[in-house]
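Structural features, examined
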Amino acid sequence: MNADAPRPRLAFTPGEPAGIGPDLAVAIATRDLPATLVAVADPGLLERRARQLNLDLKLREFAPDDPTQPVPSGQLLFHRVALRQPEQPGHLNAVNAEYVLDTLRAGVALCRHGACDGLVTGPVHKGVINDAGVAFTGHTEFLAELTSGYPVMMLAAPGLRVALATTHLPLHAVPATITRTLLERVLRILDHDLRTRFGIARPRVLVCGLNPHAGEDGHLGTEEIDTIIPVLDALREEGLTLIGPLPADTLFTPRNLQDADAVLAMYHDQGLPVLKHMGFGNAVNITLGLPIVRTSVDHGTALDLAGTGRAGIGSLIAAIDQAVAMIPRP
């Protein structure tokens, strides 16, 4: 990065106020980061969590025109979003569900208006948001609605990137969801963003089959023959480098992965257990297909760790580093 260029600014939404997201926000203020972080949160929540963790923290309200960068260690910029009710670490409160969504709306707005260069998100609790009467399946889908993007969820760990054809669906709904139209769109976005966001000139993508043994020539399912193979053949004709469909039980081996830039799994638990086994705590959740840069931690709210000081910040640091790497340079 050019030493004279402005430091990137990242909006960080800590997520569920009863979870470890606020712990991460105040703990990260003591680290030397490659970007200026703006916590999109209630400042009272941040102050309370800092006191609970015995951290000496100075909060400063974010002003997009403020040239003071980098922020000194022990200081944290914030963009104010008001809690509905005071939080209690470890105890969910559905009244604050709308607060969590407001932080996401505000974080996206900061990016869309040019005040921040990217969005990093902390963990949310889907169940309590649904309990509040809001139909919410996850960050990925909600951010796509806010930005009018088409989301492709990808997790990255050292040595492996796994994108998903479908995300937060019950398993019985997956086969009917994987249509030729969906699969073609996901693969085009994956190829495009690997080129433009990651600087890979000719991405090499391994594609999982849906069924065991990739259908075994139709004896264990016909989705590969009816849907996956025709899409891969058509996109190869356009110049995409796609290998598969491959049996998922043997795809994730060092020999297969050594020259791969990414893997496309057909559903959530086909690819992500392998990735999280390889890199949990240092993995990053990335949303492709959006007009903004968005990364996230790879873990949940960890309610039992909230306010204890035992929450690790490794995944947040990785998410910040990844977001910085994906920001377009002039």
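Okay, so let's go over this structure. Keep in mind that what you see is a predicted model, and the values were worked out from it rather than measured.

Residues Leu10, Leu46, Leu187, Leu190, Leu264 and Met266 are the most contacted members of the largest nonpolar core, which totals 94 residues. Considering every element that reaches this core, the biggest residue donor is helix H3 (residues 97–112), with nine residues. Dropping the residues within four chain positions of it, leucine 264 is found in contact with Ala163, Leu164, Ala165, Leu183, Val186, Leu187, Leu190, Val205, Leu206, Val207 and Cys208. Grouped together as the second largest cluster of nonpolar side chains are 17 residues, Ala248, Leu251, Leu275 and Ala283 included.

Moving on to the packing of aromatic side chains. Following the criterion strictly, the structure yields one aromatic pair and no others. Where phenylalanine 136 meets phenylalanine 142, the ring centres are 5.8 Å apart and the plane angle is 55°; that geometry is what we call tilted.

One pass over the structure, following the stated rule, counts ten salt bridges. Arginine 80 serves as the salt-bridge partner of glutamate 61, at 3.5 Å between the closest nitrogen and oxygen. Here glutamate 61 is found in strand E3 (residues 58–61), whereas its partner arginine 80 is found in strand E4 (residues 75–80), with 19 residues between them in sequence. The exposure class assigned to arginine 80 is partly exposed, which follows from its relative accessible area of 47%. Arginine 188 serves as the salt-bridge partner of glutamate 238, at 2.7 Å between the closest nitrogen and oxygen. Of this pair, glutamate 238 sits in the loop between helix H8 (223–237) and strand E9 (241–246) while arginine 188 sits in helix H7 (residues 180–196), and the two are 50 residues apart along the sequence.

Another point: the sheet that holds strand E12 (residues 294–297). Strand pairs in the sheet, formed through backbone hydrogen bonds, run parallel or antiparallel to each other. With respect to topology, twelve strands assemble into an open sheet ordered E3-E4-E2-E1-E5-E12-E11-E6-E7-E10-E8-E9, the strand pairing being mixed. The sheet terminates laterally at E3 and E9, the two strands that pair on one side only. Taking the axes of each pair of neighbouring strands and ignoring which way they run, one obtains an average angle of 30° across the sheet. Here four bridges tie strand E1 (residues 9–13) to strand E5 (residues 118–121), and the two strands are oriented parallel to one another. Bridge pairing in E5 places phenylalanine 12 opposite valine 120. Helix-sheet contacts for H7 involve strand E6 (152–157), strand E7 (160–164), strand E8 (204–208), E9, strand E10 (262–265) and strand E11 (284–288), and the interaxial angle to E10 is about 160°.

With that settled, the discussion passes to the packing of H7 against H8. Contact geometry for H7 and H8: axes closest at 9 Å, N-to-C directions at 40°. With respect to each other, H7 and H8 are oriented oblique. Of the two elements, H7 crosses H8, and the hand of that crossing is right-handed. Contacts between H7 and H8 involve Arg180, Leu183, Glu184, Leu187 and Arg188 from the former and Asp226, Thr227, Ile228, Pro230, Val231, Leu232 and Leu235 from the latter.

Between glycine 244 and proline 245 the backbone carries a cis peptide bond, its omega angle lying at 0°. Even without being a glycine, histidine 213 presents a positive backbone phi close to 60°. Summarising the element assignment, histidine 213 is placed in the loop between E8 and H8. Judged by relative accessible area, histidine 213 falls into the partly exposed class, the value being 44%. Backbone geometry places glutamate 216, a non-glycine residue, at a positive phi of 45°. Here glutamate 216 is to be found in the loop between E8 and H8.

Looking now at the side chain of threonine 295. Within the secondary structure layout, threonine 295 lies in strand E12. When neighbours within four sequence positions are excluded, threonine 295 is seen to be in contact with Leu119, Val120, Thr121, Val284, Asn285, Ile286, Ala319, Gln322, Ala323 and Met326.

What counts and what doesn't
- Residues numbered from 1 in each chain as written.
- Predicted model: local features only at pLDDT ≥ 70, side-chain atom pairs only at ≥ 80, totals over all residues.
- Heavy atoms only, no water.
- Core = buried A, V, L, I, M, F, W, Y, C linked by side-chain atoms within 4.5 Å.
- Buried < 20%, exposed > 50% of the residue type's maximum accessible area, 1.4 Å probe, protein only.
- Helix = DSSP H or I, 4+ residues; strand = E, 2+ residues; numbered from the N terminus.
- Contact = heavy atoms within 4.5 Å.
- Phe/Tyr/Trp six-rings, centres within 6.5 Å; stacked < 30°, edge-to-face > 60°.
- Salt bridge = Lys/Arg side-chain N within 4 Å of Asp/Glu carboxyl O.
- Pairing = 2+ DSSP bridges.
- Axes fitted to C-alpha atoms, helices over the stretch in contact; angles between N-to-C directions.
- Parallel < 35°, antiparallel > 145°, perpendicular 65-115°, else oblique.
- Left-handed = near helix turned anticlockwise from the far one by under 90°.

These figures capture arrangement, not role.
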